[in-house]
Each structure stands twice: as C-alpha cells, then as structure tokens.
Amino acid sequence: MLDIKFIRQNLDVVKKALDDRDVKIDLAALLDLDDKRRSLLIDIEDRRAQRNANSQEVGKLMRTIGRLKKEGEDTAKITGDVAELKRLTANIGNEIELLEKKLRPLTEKIKAQLLTIPNIPNESVPIGLDESFNQEVRHWGEPTKFDFEPQPHWDLGEKLKIFDFERGAKIARSRFTLYLGAGARLERALINFMLDTHTDEHGYKETFPPILANEASLIGTGQLPKMAEDMFRCQDDDLYLIPTAEVSVTNIHRDDILAAADLPLKYVAYTPCFRREAGAHGRDTRGLIRQHQFNKVELVKFTRPENSYAEHELLTRDAEDILQKLGLPYRVVILATGDLSFAAAKCYDLEVWMPSSGGYKEISSCSNFEDFQARRANIRWRPEAGGKPRFVHTINGSGLAVGRTVAAIVENYQQADGTIIIPEVLRPYMKIDLITGSDLQS
RNA sequence: GGAGAAGUGGCCGAGUCGGUUGAAGGCGCUCGCCUGCUAAGCGAGUAAGGGGGUAUAAGCCUCCUUCGAGGGUUCGAAUCCCUCCUUCUCCGCCA
C-alpha cells in the first residue's frame, strides 16, 4: 500500500509508475475524496475538542456541587448551569454523530482504493508493458546437451511410475499429482536439502507456519483484495489456503515493532502452496509445472530500508545456490514494469533450463517489496537511537519451487534408457544414485 | 463443544460506587552526572496513529483518536451493558 500523503505529494511519480505498469486508476478522484475527508475531519475534531472541554467543565461543577452540599450551601443556581451545559453538549454530540456518518464511507472508500494501487517500480527496473521487455541479467551453466532425443518429465515419470497424474485427478481433480516411490522421496529429499542449505549455510531461521491464513494476513502481503479468485477459500471458516509461504511468514511480524539489532531477520519455510490458476486454462496442462498444490521452500527477509536492495541481491544468490548445487543450468531475469507483480518494487525470476520445451522456465521469483507490505501489515522497526518506529522493507523469494525442481532434475538428468541420475548433493537424502523404475517399490 | 478467569504502553504490572489516568510503579531504552575500566549509584527523558498551524533537513505548537475488536448507555468510559475474537484453567472429544 502506498501512503496517501506520498501520493498527494508525489503525484507525478505515482502517475508514471501506474503508466509503466499499464494500470489505470483515477488518482484525481482519490485525492479529491481525501480532501473531502480531511476537511470533514477538521469539523469533527473541532467539535470533539469542544465537547471534551464542556465535559471537563461539567466534572468540575459536579465536584463544586458536592462541596457546597457538604457545607450546606445553596446549589440551585449551579445545578441549573450544569443542566444547561449538558443539554448544549449533548447537542454537539448529535452533530458529531451526523458528521461521522458522512466520514465513515469516505474513509472506507479511500482505504479500499489504496489497497488496489500497486507498488512503485524501483528505478533499476526496465520499463515495458509486458514480459518481452524483461532482461537477462546473467546465466549459469549451458543448456543440457543430449546425444538422444530427451523426453519430457511427464513421460519419463509415468514410465518410471514415480508420478501418476490420472490418480491425482481421480483423488482431487486435474492439476493434482500423486507422487510414488522414488518420485515422492525425491520431493522430500529436495525439501530437506533446501532447508538444510538455507539454514546451515545461508543463516535463515527455519519455520513451519500455518498453511491456512486469514483475511488480514492476505491483505497484509497484498493477495487481497485483488487476487481473491486465485486462492482456495474455506468459506465456512473465512480462511484461505496460502498461495505461498510468503503470506504466513511475512505475517509472523504483523503489527510488531522489531528491534534494530535483530535486523535483518531471515526466515526459511517449507510449505505446500495452493493456487486455483484461474485464467490459466490450457497453459502447462501436462506434468508438474502448473499444479493446484505444490511444495515450495520460501525465503523471507525483514530489513532496514537502506539495506533492502543489497539484501535482495543476497537473497537471490541464496536461491541460485540451490540450482548451482543441483547442477541445473539457469538464467536470472529482471522483470519489466509491466510484468512485475502487484506488491513488488523489483523482481528477479530464476529460470531453469527445461529440455522438454527447449527453453527456460521460472522456478523462483525473488522480490523486494520495499515498505509496501510492511505498511499494509504494519511491520515496523525502531532505530537504535530510539526514535520513531519506521516501516521495514520485506523481501522474499522461492528457494525453490520443489515440483518444478523435480521436473528439471528428471529432464536434465535423464539418460537414453529412461533412467534418472540423482544429483550428487541429493544422494545422502535419496540413498540411491539412480532412479530405474524398480527401486523403492516403485 | 460445555463451565470459569483474563486481555492495559517496547516488556511486566496498578487502576470499578464513570470526571486533569494516555494511564501509578517496575524493567528496558536514550541522554547527562559520578567512579581508574566494568558493575552499582544519581538526575532527566521515553506509547502509537492521524489532522491543523509554523518551519521545511530535523524541529516546534495545537487538537483528535487509541487501554483485544465492534456496538450501546452518558455531558463524559480503561472503568457500566451487549456481541465477537484471543489466551489461560477445568471437563468432553480427538491425531
């Protein structure tokens, strides 16, 4: 969420940001509402000040009456004054009530509009209205070469009986997959490998948060109100299945004031993630790429504003390290303004090489949200000097999406006979070094 | 699910026959003093959000709101009433 004061004072900056994102919002109307709200507020506050003063006066007079009675003096005159003052003040109260009735819808309307305004892209973000303006920043490794025709992971996996898409659909519906034998173990091995690496080598604190989240949490990270149709909702309980651990982990500190000495806070969480994929009909219909339920290991940082861009680079490197350790070729892409997600000010996508499509596929998205989420979720920190609390900056990224990593390993490590070599770093977790289709009761 | 208790500032914790209580006290923190260093001690300061004025780097003045959330009673509510949420204890149920 942007600060209404910031919008008022930096209208050109906000306008340009919306243009660069190709988002249309009537800022003039919003500021007009804000003007109306503030002038109404002045009216109300003046009256409230008057009412408070009168009430204090009543209090004083009441005490005087008490004293006079004790002394046996006459209180008729002063009692009359009190009654008159009460009548006057009750009238002011009625006026306040009327004005407040006007104020409430204004305030709600402004808040609702503010919640739909996306973040302002950082100046280092390339300007362009769609993904064709994204730019490769760097790449690691080269596309895997085969001396045979490589197969897509869904064919390999079904032959090896490590993925069963039909039974996944039978149990739930399409875009759900049943993992079996070495496939299930590969998923689990990757989760453990990623968590171990991020905790032991990169210094993140491991968490395992709730996978259902309430409305306030989803507003905090920016999924609500705009992306409601992309989430699974438990209607009876007013809870949502999280689309990413970012929601749960960022909200750990909703309404907190963090100590300066504790920053940056670094968390890693493994969670299942759930997405309805509304509007994605026909895209990535085969295989593990686009599922309603998938596992992800997520990195989240809370930082001081002045460090957030450096920390964003480091977090991206932490995610890349997983791909490098797994020996998977990838590239890093900076998203253009038009492709940037709602809450992000800057985002790098990590894209892994997928032989089946002969291209790179997104496997991680590392974003700096600056204070956009912190303002929504009210996450602040107090500088050492003991000054006013300020909003933190939040950063997060996948480290990595597990299902897509499984797909990438199966495709990049396949052999001509359809077996899959297990990357070196996963062997301690897998306890085998080759998936043959007959291992692990598969 | 049933019965009971409780929710106050960064933290702990006072505060009901409603009226200078935005809130005693303590801890923590900041600044200063003291001491060879540290510790202890002494003094002062220290909630957040918002509006207006002035200055515009900070700042200063003033008003409003906020004692779990929302509503009600009242001239006036942390304090009384209602609803909800959360936590704790006991019972039931359960992995």
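Residues numbered from 1 in each chain as written. Chains lettered and ligands numbered in written order. Predicted model: local features only at pLDDT ≥ 70, side-chain atom pairs only at ≥ 80, totals over all residues. Heavy atoms only, no water.

1. Focus on the nonpolar core
Counting residues in hydrophobic clusters, the biggest one holds 51 residues, and the most contacted among them are Leu-190, Leu-426 and Ile-435. A total of eight residues in this core trace back to one element, the largest contributor, which is helix H7 (residues 181-201). Residue contacts for Leu-426: discarding those within four places in its chain leaves Leu-186, Ala-189, Leu-190, Phe-193, Leu-326 and Ile-409. Counting 34 residues, the second largest nonpolar core, distinct from the first, contains Met-1, Val-14, Leu-103 and Val-333. (Core = buried A, V, L, I, M, F, W, Y, C linked by side-chain atoms within 4.5 Å. Buried < 20%, exposed > 50% of the residue type's maximum accessible area, 1.4 Å probe, protein only. Helix = DSSP H or I, 4+ residues; strand = E, 2+ residues; numbered from the N terminus. Contact = heavy atoms within 4.5 Å.)

2. Comments concerning the packing of aromatic side chains
Scanning the entire structure with this criterion turns up nine aromatic pairs. A centroid spacing of 5.3 Å and a plane angle of 65° characterise the contact between Phe-146 and Phe-148, whose relative ring orientation is edge-to-face. For Phe-148, a relative accessible area of 22% puts it in the partly exposed group. Residues Phe-193 and Tyr-429 carry aromatic rings whose centres are separated by 6.3 Å and whose planes lie at 70° to one another, so their mutual orientation is edge-to-face. Taken together, the residues span a long stretch of sequence, with Phe-193 in helix H7 and Tyr-429 in helix H13 (residues 427-430) at a distance of 236 residues. (Phe/Tyr/Trp six-rings, centres within 6.5 Å; stacked < 30°, edge-to-face > 60°.)

3. Notes on the domain arrangement of chain A
On domain assignment, one finds that chain A holds domain 1 (4-114) and domain 2 (131-435). Domain 1 and domain 2 are separated by 47 Å when their C-alpha centres are compared. (Domains from an automatic or database assignment.)

4. Brief notes about the sheet that holds strand E16 (residues 393-401)
If you trace the eight strands from one edge of the open sheet to the other, you get E1-E11-E12-E13-E16-E10-E9-E4, paired in mixed fashion. Each of the sheet's edge strands pairs with one partner strand only, and the pair in question is strand E1 (135-140) and strand E4 (205-207). Taking the axes of each pair of neighbouring strands and ignoring which way they run, one obtains an average angle of 25° across the sheet. This element, H7, spans E4, strand E9 (265-274), strand E10 (293-303) and E16 of the sheet and lies at about 10° to E10. Helix-sheet contacts for helix H12 (residues 402-412) involve E10, strand E12 (346-354), strand E13 (359-370) and E16, and the interaxial angle to E16 is about 40°. (Pairing = 2+ DSSP bridges. Axes fitted to C-alpha atoms, helices over the stretch in contact; angles between N-to-C directions.)

5. As for the environment of Arg-254
By the element assignment, Arg-254 lies in the loop between helix H9 (245-250) and strand E8 (257-259). In this structure, the C-alpha to C-alpha distance between Arg-254 and Leu-434, residues 180 residues apart in sequence, is 45 Å. Setting aside its immediate chain neighbours within four residues, Arg-254 contacts Asn-214, Ala-216, Ser-217, Ala-377, Asn-378 and Ile-379. A distance of 2.7 Å separates polar atoms of two side chains, one belonging to Arg-254 and the other to Asn-251. (Polar contact = N/O pair within 3.5 Å; in protein donor to acceptor, adjacent residues only side chain to side chain.)

6. Observations regarding the environment of Gly-141
Take Gly-141: it is sitting in the loop between E1 and helix H5 (153-159). By relative accessible area, Gly-141 is classed as partly exposed at 32%.

7. A short note on the pairing of E10
With 10 of 11 residues buried, E10 is to be regarded as a mostly interior element. Both E9 and E10 contribute to a ladder of 10 bridges, which runs antiparallel. Across the sheet, the residue bridging to Leu-265 is Phe-302, located in E10. One ladder, built from seven bridges, connects E10 with E16; its direction is antiparallel. Bridged to Lys-301 within E16 is Ile-395.

8. A few points about the pairing of E16
Consecutive residues of a regular strand have side chains that alternate between opposite faces of the sheet. Judged by how many residues are buried, E16 sits mostly within the fold: nine of nine residues are covered. Here E13 runs beside E16; their pairing, made up of four bridges, is antiparallel. By the bridge assignment, Cys-366 is partnered in E16 with Gly-397.

9. Re the protein's contact with RNA strand B
Close contacts around RNA strand B come from 23 residues, with Arg-38, Ser-55, Arg-63, Lys-86 and Thr-89 the closest. Sugar plus phosphate: this is where 72% of the atoms of RNA strand B within 4 Å of the protein reside. Of all the secondary-structure elements, those providing two or more residues to the surface near RNA strand B are helix H1 (4-9), helix H3 (27-70), helix H4 (76-114) and strand E14 (380-382). A total of 13 residues in the surface near RNA strand B trace back to one element, the largest contributor, which is H3. Tallied by class, the residues present in the surface near RNA strand B amount to eight nonpolar, four polar and 11 charged. (Near = heavy atom within 4 Å. Nonpolar A, V, L, I, M, F, W, Y, C, P; charged D, E, K, R; others polar.)

10. Remarks on the pattern of salt bridges
Close approach of charged atoms lets side chains of opposite charge pair. Overall, the coordinates contain 27 salt bridges when judged by the stated rule. Residue Asp-34 is joined to Arg-38 by a salt bridge in which the shortest nitrogen-to-oxygen separation is 3.4 Å. Here Asp-34 pairs with Arg-38, and both are found in helix H3, just four residues apart, close to one helical turn. Owing to a relative accessible area of 1%, Asp-34 belongs among the buried residues under this scheme. Among the ionic pairs, Arg-48 bridges to Glu-100, the shortest N-O distance being 2.7 Å. Linking Arg-48 in helix H3 with Glu-100 in helix H4, this pair joins segments that are 52 residues apart in sequence. The class of Glu-100 is partly exposed, set by a relative accessible area of 23%. (Salt bridge = Lys/Arg side-chain N within 4 Å of Asp/Glu carboxyl O.)

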